[in-house]
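Inside the fold
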Amino acid sequence: MAKRFIDTDLFRKPFMRSLEAPYKALWIYLLCECDHAGVWVVELDVAQIRMGLKLDADKVIDKMGGAVVPIGDGSKWYLPDFVAFQYGKLNPANRVHASVLAHLAKHGIDPSKEAPSKPLTSPLQGAK
């Protein structure tokens, strides 16, 4: 059983507040079920059974607005913010970090590249 850090401000963030309840539940599910590199093998049918919700993969990608990125042929999803939150800056000299880097490289993902910026979820959130 993997242990994960969780942000205690999660429900205060504009991203989370903008999601409808089923997608909030799915986001937490994805954080718990993805591997150590933030990659989840898409098993939406299993997720629906476990959570008791009906979800559409295309709607999930649309609603999550860049927080979930399909990789490869779409059979896996990558959570770009997962690694940064769980590990901070990755150091290849650290064995755990090296494993994460190798796993991401296998999927053609370079975590050192800045994640695409997400649009503001509310026009009330002006520039800072």
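Report follows, based on the coordinates. Residue numbers run consecutively from 1 along every chain, following the written order of its sequence. Per-residue local features are limited, in this predicted model, to residues with pLDDT of at least 70; the limit for side-chain atom pairs, both in listing and counting, is 80 or more; totals at the level of whole chains, interfaces and linings are taken over all residues. Side-chain figures throughout are based on the complete set of non-hydrogen atoms in the structure, without hydrogens or water.

The next thing to look at is helix α2 (residues 21-33). With 13 residues, α2 extends 18 Å between its outermost C-alpha atoms, agreeing within 8% with the 18 Å of an ideal straight helix rising 1.5 Å per residue. Exposure categories follow from relative accessible area, calculated using a 1.4 Å probe and restricted to protein chains: below 20% of the type maximum is buried, above 50% is exposed, and the middle band is partly exposed. A run of H or I in DSSP counts as a helix once it spans at least four residues, and a run of E counts as a strand once it spans at least two, with each numbered from the N terminus. All of the buried residues in α2 are Tyr 23, Leu 26, Trp 27, Tyr 29, Leu 30 and Leu 31. Any two residues having at least one pair of non-hydrogen atoms within 4.5 Å are treated as being in contact. In this structure, the buried side of α2 is in contact with α1 (14-18), β1 (39-41), α3 (44-51), α4 (57-64), β3 (76-78) and α5 (80-87). What a helix should span is 1.5 Å times the count of its residues minus one.

Once that is clear, we can look at the nonpolar core. Leu 26, Trp 27, Leu 30, Trp 40, Met 64, Leu 79 and Leu 104 are the most contacted members of the largest nonpolar core, which totals 31 residues. It is α2 that provides the largest number of residues to this core, a total of 6 residues. Take the buried residues of types Ala, Val, Leu, Ile, Met, Phe, Trp, Tyr and Cys, join any two whose side-chain atoms come within 4.5 Å, and each joined set is a nonpolar core.

A few words now on the packing of α2 against α3. Closest axis-to-axis distance for the α2/α3 pair is 11 Å, and the angle between their directions is 115°. Comparing their axes, α3 and α2 come out roughly perpendicular. In the packing of α2 onto α3, the handedness of the crossing is right-handed. The segment α2 lies against α3, with Ala 25, Leu 26, Tyr 29 and Glu 33 engaging Val 46, Ala 47, Arg 50 and Met 51. Amino acids are sorted into nonpolar (Ala, Val, Leu, Ile, Met, Phe, Trp, Tyr, Cys and Pro), charged (Asp, Glu, Lys and Arg) and polar (every other residue, Gly among them). Here the residues of the contact of α2 with α3 sort into 6 nonpolar, no polar and 2 charged. Whenever a helix is involved, its axis is fitted only over the stretch in contact; in every case the axis is a line through C-alpha atoms, and angles between N-to-C directions fall within 0 to 180 degrees. Angles are sorted into four bins: roughly parallel if under 35 degrees, roughly antiparallel if over 145, roughly perpendicular if 65 to 115, and oblique for all others. Left-handed is the label given to a crossing in which the near helix is rotated counterclockwise from the far helix by less than a right angle, and right-handed is the label when the rotation is clockwise.

In short, shape yes, function no, at least from these values alone.
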